[in-house]
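What the coordinates show
Chain by chain, the residues:
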Amino acid sequence: MRKVLLFAAVAFVAAAFCGCASVTKVDAKDLNGQDISYSGKPVAHLVADNWGLYIFSIPLLTGDTANPGKVVVLQDTVTVAKVTDMMTKESKKMGATKVYNIVSSTATNPFFFGFKEVQISANAVK
């Protein structure tokens, strides 16, 4: 019985802390008047991040890019395409019409059991 309770506790902690999708914003007012593009009015600098727990490259728990801050089970949402979609939706909500200087970074180590992460940064402009 103790082993079952220990396993349940570990699974609960893993579910609570594994898989997170988020978009962090730096509003134009916090850019000290610096232009972040050659044309247009700056809206924000955005950093989108998503990561998850994988086993043999099979997603177990990943961040939900459709609902940042939530976790999904057995869905591969840790991709550049999914994170870019999440970031551009957020830029549209902020009133941006263009996104410039998109830079992406990926990290993976789920040969057997591990984490996969995608991070993208960009400048949102009107």
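Here, the structure is the one placed above.
To keep things clear, this report deals only with the structure shown in the data block. (Residues numbered from 1 in each chain as written. Predicted model: local features only at pLDDT ≥ 70, side-chain atom pairs only at ≥ 80, totals over all residues. Heavy atoms only, no water.)

**What to know about the pattern of salt bridges**
Tallied over the full model, the rule gives five salt bridges. With its nearest N and O atoms 3.8 Å apart, the salt bridge here joins lysine 116 to aspartate 76. Of this pair, lysine 116 sits in strand β6 (residues 113-125) while aspartate 76 sits in the loop between β4 (71-73) and α2 (80-93), and the two are 40 residues apart along the sequence. Several salt bridges share partner residues, and in doing so they unite Lys25, Glu90 and Lys93 into one network. (Salt bridge = Lys/Arg side-chain N within 4 Å of Asp/Glu carboxyl O. Helix = DSSP H or I, 4+ residues; strand = E, 2+ residues; numbered from the N terminus.)

**Observations regarding the pairing of strand β2 (residues 42-55)**
The buried fraction of β2 amounts to ten of the 14 residues, a majority that puts the element mostly inside the structure. Direction of pairing for β2 relative to β6: antiparallel, over a ladder of 13 bridges. Residue pairing across strands places tryptophan 51 opposite glutamate 117, the latter belonging to β6. Relative to strand β3 (residues 58-63), β2 runs antiparallel, the two being bridged by four bridges. Residue pairing for β3: tyrosine 54 is matched across the bridge by proline 59. Here β2 folds back onto β3, and the loop between the two strands holds two residues, one of which, phenylalanine 56, carries a positive phi near 50°. (Buried < 20%, exposed > 50% of the residue type's maximum accessible area, 1.4 Å probe, protein only. Pairing = 2+ DSSP bridges.)

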